[in-house]
Amino acid sequence: MDGKALVTYRRFVLVGLIVLLLAACGQAEEEASPAVAPRYEPAECKVSVARGSNVECGYLVVPEDRTQPDSGMIRLHAVVIRSRSEDPKPDPLVFLAGGPGASALAAADHVRGILSAVLEERDLVVADQRGVGFSEPALDCPEYGEALLETYGADVSYEEAQE
């Protein structure tokens, strides 16, 4: 298999694994209609990963609601850190951040360091989930953080802080 075919094959496997992962995370079991099939779009990296790492970035573009084809598309930003192996295993390790609102990509370089041994045999995929980090649309609420900072240490009741 030549280099270009291998890259295409790896992208196909990556998209397939991420789609399966999303389906396992509570997505509807119905198949997406062909008009709104998931796709992978290479893109500029939004985060930096240590020098010497072979990195590819992009977006997994998927329907917002697979049961409603007209619901629109969302873009999930992902970083693929390539294996150091000349013949890596075909199934990458996929890392997602836990907890509501957590961005996996914010810690991509840290994750690469912790999971460095994985890169001996396989690729590592670090992806933001819907609505967080570098995914589009981002559903963060900067006003909440600003309000939290304003009330931190202030002499207000719990109820006043919540307002």
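Presented here is a report on the structure given in the accompanying data block. Quick caveat: nothing in here was measured; it's all calculated off a predicted structure.

**As for the pattern of salt bridges**
At step 1: One pass over the full model with this rule turns up nine salt bridges.
At step 2: We note a salt bridge from E41 to R39, for which the minimum N-O separation is 3.0 Å.
At step 3: Since its relative accessible area comes to 23%, E41 is described here as partly exposed.
At step 4: Residue classification places R39 among the partly exposed positions, given a relative accessible area of 39%.
At step 5: Two residues, E121 and K89, come together in a salt bridge whose shortest N-O distance is 3.5 Å. With E121 in the loop between α2 (108-114) and β5 (124-127) and K89 in the loop between β3 (73-81) and β4 (93-96), this pair connects stretches of sequence that are 32 residues apart.
At step 6: A single network of salt bridges, built from pairs that share partners, joins R39, E41, R75 and E136.

**Things to note about the packing of aromatic side chains**
At step 1: For the structure shown, the criterion picks out zero aromatic pairs.
At step 2: Between the NZ or CZ atom of R75 and the centre of the ring of Y59, over which it lies, the distance is 3.8 Å.

**Re the side chain of S135**
At step 1: Topologically, S135 is positioned in the loop between β5 and α3 (142-151).
At step 2: S135 gets classed as buried once you look at its relative accessible area, which sits at 2%.
At step 3: When sequence neighbours within four positions are dropped, the list of residues in contact with S135 reads R75, L76, H77, D128, Q129 and R130.

**Looking at the state of the cysteines**
At step 1: Inspection of every chain in the model, using the stated rule, returns one disulfide.
At step 2: At a sulfur-sulfur separation of 1.8 Å, the disulfide partner of C45 is C57. An S-S torsion of about 95° defines the bridge between C45 and C57 as right-handed. One end of the pair, C45, is in the loop between β1 (39-42) and β2 (55-63); the other, C57, is in strand β2, and 12 residues separate them in sequence.
At step 3: For C57, a relative accessible area of 3% translates into the label buried.

Reading the values: the criteria
Residues numbered from 1 in each chain as written. Predicted model: local features only at pLDDT ≥ 70, side-chain atom pairs only at ≥ 80, totals over all residues. Heavy atoms only, no water. Salt bridge = Lys/Arg side-chain N within 4 Å of Asp/Glu carboxyl O. Buried < 20%, exposed > 50% of the residue type's maximum accessible area, 1.4 Å probe, protein only. Helix = DSSP H or I, 4+ residues; strand = E, 2+ residues; numbered from the N terminus. Phe/Tyr/Trp six-rings, centres within 6.5 Å; stacked < 30°, edge-to-face > 60°. Lys NZ or Arg CZ within 6 Å of the ring centre and 35° of its normal. Contact = heavy atoms within 4.5 Å. Disulfide = S-S within 2.5 Å.

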